[in-house]
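Fold and geometry: a report
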Amino acid sequence: MELAARRWFETHTHSAIAYELDELIAAKKRSGVSVSVVIPARNEARTVGTVVSRIRDALVMTGLVDELVVIDSDSSDETASIAAEAGASVFASSEIDTGLKSLPGKGEALWRSLFVTRGDVIAFIDADLTEWGSHFVTGLLGPMLSNEKILLVKGFYDRLFDADGDGSAAPQGGRVTELVARPLINLYWPALAGVVQPLAGEWAIRRSLAETLPFPVGYGVEFATLTDTVWRHGLAAVAQVDLGQRGHSHQNVHDLGVMATEILSTATRRLDRTRPPAAIGLSNAWRELYQYDRNVEGNWRARDVPIAERPPAISLDSYGAAVIA
């Protein structure tokens, strides 16, 4: 590991248990910042209610979190109604007015959340969590509320898995992280080699940064925000927090293939650092990934891979109007 990466790991890696709720509330008051928690969700009726209610009870009611928002991405189940019942403000991603046609994807939901939230700091939490705690949020907020120079905070954790049938946990990223993202980072962004889980769905960012970044509409969003932040502001602007253990639902390998292609597309667009990546519009928003499948006619299935990137929110007139409203 490069010396810069190792030094960053030693000085910018924190533990969620080090941040007490009362101390964070006091730090928030001193800094005068507001906090939004955003939960992107698609067909997560089984888990979203618990995620929302736990954050509401522990952090909204105590005053640390000012907004608790769920962005629903065209769910066909009761995700939206369950989230609203549990205490979140719920917005349908496709109905948020950005002045641009809606696209499917996690990154799209996160980008659109900028238009309906007001927090100076935004923490993103996945909706499919089964093993976690409200310390996920306090851990992500800790470095930002204690150091104004920190612009982006990444979470990492021991992932629960059942490879040995014992429900054990290990500090590994998911399959796409370990087989795609980490090799890319070590080859082309070696200063980021100390980031334990670059694709983690739990992260926090200052609005002043988020609104200036392009957002891939799909699963490339975490990779993009990490590399773009370091390119613009340096490694010292990023911190990471050990969140303990995390349990969540898992995707099949064909779905992970689509995700891996999105990460590769996002990464390759950022290899030329002589200029920032430009937004990709609707006319060039998709690629196809062909996967062999005995269960489909002709044995080959074409999967749409979203590669579009949204422009920085601050560049759009609709964002200015949303912020003023």
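Parameters at a glance
- Residues numbered from 1 in each chain as written.
- Predicted model: local features only at pLDDT ≥ 70, side-chain atom pairs only at ≥ 80, totals over all residues.
- Heavy atoms only, no water.
- Buried < 20%, exposed > 50% of the residue type's maximum accessible area, 1.4 Å probe, protein only.
- Helix = DSSP H or I, 4+ residues; strand = E, 2+ residues; numbered from the N terminus.
- Pairing = 2+ DSSP bridges.
- Salt bridge = Lys/Arg side-chain N within 4 Å of Asp/Glu carboxyl O.
- Lys, Arg positive; Asp, Glu negative; His and termini not counted.
- Polar contact = N/O pair within 3.5 Å; in protein donor to acceptor, adjacent residues only side chain to side chain.
- Contact = heavy atoms within 4.5 Å.
- Axes fitted to C-alpha atoms, helices over the stretch in contact; angles between N-to-C directions.
- Parallel < 35°, antiparallel > 145°, perpendicular 65-115°, else oblique.
- Left-handed = near helix turned anticlockwise from the far one by under 90°.
- Phe/Tyr/Trp six-rings, centres within 6.5 Å; stacked < 30°, edge-to-face > 60°.

Moving on, we come to the pairing of strand 9 (residues 203-206). Within a regular strand, the side chains alternate between the two sheet faces. Residue alternation in strand 9 divides its side chains into two sets, Trp 203 and Ile 205 and Ala 204 and Arg 206, and both sets are buried. As paired strands, strand 5 (residues 121-124) and strand 9 are joined by four bridges and run antiparallel to one another. Among the inter-strand pairings, Phe 124 is bridged to a residue of strand 9, identified as Trp 203.

The next thing to look at is the pattern of salt bridges. All chains considered together, the criterion is met by 10 salt bridges. Close ionic contact of Asp 57 with Arg 56 constitutes a salt bridge, the shortest N to O distance being 2.7 Å. Residue Asp 57 is classed as partly exposed on the basis of its relative accessible area, which comes to 45%. A relative accessible area of 25% places Arg 56 in the partly exposed class. The shortest N-O distance in the salt bridge between Glu 108 and Arg 310 comes to 2.8 Å. One end of the pair, Glu 108, is in helix 5 (residues 106-113); the other, Arg 310, is in strand 14 (residues 309-310), with 202 residues separating them in the sequence. When its relative accessible area of 6% is taken as the criterion, Arg 310 is described as buried. Connected through shared salt-bridge partners, Asp 228, Arg 269, Arg 270 and Glu 309 make up one network.

The next point concerns the side chain of Lys 154. Counting through the fold element by element, Lys 154 comes out in strand 7 (residues 152-160). Buried charge without a partner: Lys 154 forms no salt bridge, and the closest opposite charge is Glu 222, 6.0 Å away. Of note is the side chain of Lys 154, whose polar atom sits 2.9 Å from the backbone oxygen of Pro 198. Among all residues touching Lys 154, those that are not within four sequence positions of it are Leu 140, Gln 197, Pro 198, Ala 200, Glu 202, Trp 203, Glu 222, Ala 239, Gln 240 and Val 241.

As a packed pair, helix 3 (residues 48-60) and helix 4 (residues 79-86) sit with axes 8 Å apart at the nearest point and diverge in direction by 20°. Considering their axes alone, helix 3 and helix 4 lie roughly parallel with respect to each other. Judged by the sense of rotation from one axis to the other, the crossing of helix 3 with helix 4 is right-handed. Residues Val 48, Gly 49, Val 52, Ser 53 and Arg 56 of helix 3 form the contact with helix 4, whose participating residues are Thr 79, Ile 82, Ala 83 and Ala 86.

A word on the packing of aromatic side chains. Under the counting rule described, the total for this entry stands at seven aromatic pairs. Ring centres of Trp 111 and Phe 115 lie 5.1 Å apart, and the angle between their planes is 65°; this geometry places the pair in the edge-to-face category. Here Trp 111 matches Phe 115 in class, with each residue buried. Here the aromatic rings of Trp 132 and Phe 136 are separated by 6.1 Å at their centres, their planes lie at 70°, and the arrangement is edge-to-face.

Don't take any of this as a statement about function, it's just geometry.
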